Amino acid sequence: SCFAQHFAKALVARRYRWLDFEPGPVGLTAEQRKDYHYGTFSFRTGNIYTPRMLLQWLTWALTEAPVPEEVWERDGRFYDPFRPGVEPGGFVSPEELYASRKETLVAIAAAVRGAQVFVFTMGLTEAWVNKVTGVEYAVCPGTVAGVFDAEQHGFVNHGFGALMADMVASLRLMVRANRRLGLLLTVSPVPLTATASGQHVLTATSHSKSMLRAVASEMVAARARVDYFPSYEIITHPAYRGRFFAANLRSVLPEGVDHVMTQFFRDQAAAFGGETAAPSAAPSAAAPEPVEAQEPELTEAEELRCEEEILAAFAPDQRHG
C-alpha cells in the first residue's frame, strides 16, 4: 500500500538490507525514479493493496500460469491494467508493455527466492475485476486508461474467507520457492479516500480495515513463519488523538512514520538482541542508494502515485458512492 513505501526507506536508513531486484536504468534522476516507481518496492508493480492482487502477481511470477494479454489504451499510448501508474505517459506499444511486465515478474521471483523476510502491508478489500477472466485490476477501468464496460467489469469487496484464502495461497507459493522465508504482515492505517460499496466512506474504511486486521491475526495464529507488526494500531489509536495524520486526515506525517519505525526496530532489538540502529543517511554497501530516513508530507502530485488516490482525482465529489 502507499504506507508501505515508508518501510524500505526506514530499513535503508538504519543499514538493514532491503533488496531491490528492479532498480531501473542508470541515469535517471531521483524524481524520475519516483515517477516510474523504481526503488519504491523490491519490484516495479506499483502498490499492491489486496491479498488477491498479491496472489495474482505471485502466480504469474512463480508458476507457469499464463499472463493476461489485456492492455488499456488512451491517446495512442498503452497502459498495464495491473500496474497502470508505473509508466506515467504509457508505453509506446503492447509489446513494450509485455516486455516491461516480464522484467517485473522476473524481479518478483528473484525477490521471493532471495529474501529472508517478505513484508506485506494489506491496504484494501475493495477492487475491480474482469468478470470474464477473473483477473483483478489495480484501479477501475476507465480511470487511468481503458474503457469501463459494465458487462465485462465489476466491483468486488472481498470477504474474510476470500482474503484469508488468498493470503494462505500467497504464503504457500512463496514458501514453495523459498523454504526459509518468513512473512511480516502489517495493515495500512491510511483510510479509504472513496468507496464503491454504497456505504459511507467511514463505514467502508472500518469494514475494510477490520477484515484485514482479522486476517492478519488468523495468519499469525495458524502459521509459525508469519508475524504481525501493529503499525495500524500505533497510528490510529485514540491515545494519539490523530496527531500522526496530516491536514487531509489521510496522509501519515513524518513524525508518525518515524514513531512507528522506532517502535519496530526497538522490538527487533528486544527480540533478537543488540542495540537499536539509529537512522543514518549512509547505508552499507549492500543496501540501495541513500534515501532520507523520513519523507515530508506527500504533495498532491506525489499522492497520485498511489493508485487509490486516482479515485479521488477522477471523482472528487463522489467520496461515498
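Data block above holds the structure.
Scoring rules and cut-offs
- Along each chain, numbering runs from 1 in the same order as the chain's sequence is written.
- The predicted origin of the model limits local features to residues at a pLDDT of at least 70 and limits the giving and counting of side-chain atom pairs to 80 or more, whereas totals for whole chains, interfaces and linings rest on all residues.
- To get the side-chain values, all heavy atoms of the structure are used, and hydrogens and water are removed first.
- In this analysis, strands are considered paired if DSSP registers two or more bridges between them.
- Strands are runs of DSSP state E lasting at least two residues, helices are runs of H or I lasting at least four, and both sets are numbered from the N terminus onward.
- Two kinds of site are reported from a 1 Å grid over the protein atoms alone, namely cavities, where a 1.4 Å probe fits but cannot get out, and pockets, open sets with protein on both sides within 12 Å along at least five of seven lines, and residues are called lining when an atom falls within 4 Å of a point.
- Grid points are joined across faces, edges and corners, and a volume is the space filled by probe spheres set on the points.
- For this scheme, ten residues count as nonpolar: Ala, Val, Leu, Ile, Met, Phe, Trp, Tyr, Cys and Pro. Four count as charged, namely Asp, Glu, Lys and Arg, and the remainder, Gly too, count as polar.
- Comment: axis = line fitted to C-alpha atoms, over the contacting stretch for helices; angle = value between 0 and 180 degrees taken between N-to-C directions.
- Orientation categories follow fixed angle ranges, with anything under 35 degrees roughly parallel, anything over 145 roughly antiparallel, 65 to 115 roughly perpendicular, and all other angles oblique.
- Whether two residues are in contact is decided by their heavy atoms: any pair within 4.5 Å suffices.
- For each residue, the accessible area found with a 1.4 Å probe, counting protein chains only, is set against the maximum for its type, and the residue is called buried under 20%, exposed over 50%, and partly exposed in between.
- One less than the number of residues in a helix, times 1.5 Å, gives the span that helix is expected to have.
- We count a salt bridge whenever a side-chain nitrogen from Lys or Arg sits within 4 Å of a carboxyl oxygen from Asp or Glu.
- For the purposes of this section, nonpolar cores are sets of buried Ala, Val, Leu, Ile, Met, Phe, Trp, Tyr and Cys residues that join through side-chain atoms within 4.5 Å.

Student: Looking at this structure, I do not really get the sheet that holds strand β6 (residues 153-157). What am I missing?
Tutor: Strand order in the open sheet formed by 3 strands is β5-β4-β6, with antiparallel pairing between adjacent strands. Edge positions in the sheet fall to β5 (136-137) and β6, since each has one partner strand and no second. The pairing of strand β4 (residues 126-130) with β6 spans 5 bridges and is classified as antiparallel. Of the residues in β6, the one forming a bridge with E126 is N157.

Student: I'm lost on empty space enclosed by the protein in this one. Help?
Tutor: Any empty space left between the atoms is revealed when a probe the size of a water molecule rolls over them. Using the criterion set out here, one finds 4 cavities of 30 Å³ or more in the structure. There is about 90 Å³ of room inside the second largest cavity. Those elements giving two or more residues to the lining of the second largest cavity turn out to be α1 (5-13) and α8 (254-272). The element that contributes the greatest number of residues to the lining of the second largest cavity is α8, accounting for 3 residues. When grouped by side-chain class, the residues that make up the lining of the second largest cavity number 7 nonpolar, 4 polar and no charged.

Student: Honestly, the packing of helix α3 (residues 51-62) against helix α4 (residues 94-114) in this entry has me stumped. Any pointers?
Tutor: Between two packed helices, both the angle of their axes relative to each other and the distance between the axes serve to describe the pair. Where α3 contacts α4, the axes come no closer than 8 Å and their chain directions differ by 90°. It follows from the interaxial angle that α3 and α4 lie roughly perpendicular. Contacts from W57, L58, W60, A61 and L62 of α3 reach α4 at R101, T104, L105, I108, A109, V112 and R113.

Student: Please explain unusual backbone geometry as it appears in this structure.
Tutor: Where the residue is not glycine, phi is negative for most of them; where a peptide bond is considered, it is trans in most cases. A positive phi is found at H37, a non-glycine position, where the angle reads about 60°. Within the secondary structure, H37 sits in the loop between α2 (30-35) and α3. A residue is classified by how much of its surface remains accessible, and H37, at 4% relative accessible area, is buried. One non-glycine residue, L249, lies in positive phi territory at about 60°. Along the chain, L249 turns up in the loop between α7 (231-236) and α8. For L249, a relative accessible area of 60% corresponds to the exposed category.

Student: When you look at helix α5 (residues 160-177) in this model, what are you seeing that I'm missing?
Tutor: Counting along an α-helix, one turn takes 3.6 residues, and residues three or four places apart therefore face a common direction. Between its first and last C-alpha atoms α5 spans 26 Å; for 18 residues at 1.5 Å apiece the expected length is 26 Å, and the two agree. Those residues of α5 that sit buried are L163, M164, D166, M167, V168, A169, S170, L171, L173, M174 and V175.

Student: It is not clear to me how the pattern of salt bridges should be interpreted in this structure. Could you clarify?
Tutor: Note on pairing: side chains with opposite charge can pair once their charged atoms come close. Inspection of the entire model under this criterion finds 7 salt bridges. The partner of E255 in a salt bridge is R243, with the nearest N and O atoms 3.1 Å apart. Here E255, found in helix α8, pairs with R243, found in the loop between α7 and α8; they are 12 residues apart in sequence, far enough to count as distant. For R243, a relative accessible area of 44% translates into the label partly exposed. Overlapping salt bridges, with partners in common, bring together D80, R83 and R101 in one network.

Student: Could you clarify how one ought to interpret the nonpolar core in this entry?
Tutor: Side chains of nonpolar character tend, in soluble globular proteins, to be buried together. Counting residues in hydrophobic clusters, the biggest one holds 50 residues, and the most contacted among them are F118, F120, M122, M167, L183, L185 and M219. Contributions of two or more residues to this core are made by α3, α4, β3 (117-122), α5, β7 (182-187), α6 (201-222) and β8 (226-228). If we ignore the near neighbours within four places in the chain, the residues touching M219 are M164, M167, V168, L171, L183, L185 and V226.

Student: Please clarify how α4 should be interpreted in this entry.
Tutor: Taking 1.5 Å per residue as the helical rise, α4 with its 21 residues ought to reach 30 Å, and the 30 Å between its terminal C-alpha atoms agrees with that figure. What α4 keeps buried is the set P94, L97, S100, R101, T104, L105, A107, I108, A109, A111 and V112. Of the surrounding secondary structure, the elements contacted by the buried residues of α4 are α3, β2 (77-79), β3 and α5.

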